[in-house]
Amino acid sequence: MPTDWRPTQVRNPNALFENHFTDATAWEFIASKIEAGHPVEPIQLDKPQGAAGYVMKIDIGRGQPQLYVKLQLRSGQIVGRSFHYSEHEG
């Protein structure tokens with residue numbers, strides 16, 4: 001299962017001491033955005049083919065590119081597939 005999980009390379013806009021996300025703060029950030037009603041787009045994954053995935057594109061301000069987050073539900077658990085700056089506009 002391919003992943004591109006790089007929270008330590010993304011600036012955390014809510015950080016008081018650490019400038020970048022950690023795995024834990026990345027998950028906290030994702031949860032807070034979902035709880036706040038941030039749009040989550042359902043997609044079909046290429047790997048595994050046809051599996052359901054979910055994408056969030058989050059504006060993190062400070063002149064930073066959008067944050068790209070891809071999640072997958074697997075066996076009743078949420079799996080992080082992507083957490084990095086978006087490489088595409090919009």
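Everything below is about the structure shown above.
Reference entry: report on the structure contained in this document. (Residues numbered from 1 in each chain as written. Predicted model: local features only at pLDDT ≥ 70, side-chain atom pairs only at ≥ 80, totals over all residues. Heavy atoms only, no water.)

## Notes on the overall build of the protein chain
Counting its regular elements, the protein chain contains one helix and five strands. Mapped in sequence order, the helices and strands of the protein chain form the string β-α-β-β-β-β. Here the C-alpha radius of gyration of the protein chain, 13 Å, is about what a compact globule of 90 residues would show, namely 12 Å. With the C-alpha coordinates aligned to their principal axes, the bounding extent of the protein chain is approximately 40 × 30 × 25 Å. Within the protein chain, the fraction of its 90 residues that count as buried is 30%. (Helix = DSSP H or I, 4+ residues; strand = E, 2+ residues; numbered from the N terminus. Rg over C-alpha atoms; globule rule 2.2 N^0.38 Å. Buried < 20%, exposed > 50% of the residue type's maximum accessible area, 1.4 Å probe, protein only.)

## Points about the packing of aromatic side chains
Two descriptors summarise a pair of aromatic rings, namely the distance from one centre to the other and the angle between the planes of the rings. On inspection of all chains with the given rule, the structure shows four aromatic pairs. Ring-pair connections join several aromatic residues into one group, and the members of that group are Trp-5, Phe-21, Trp-27, Phe-29 and Phe-83. (Phe/Tyr/Trp six-rings, centres within 6.5 Å; stacked < 30°, edge-to-face > 60°.)

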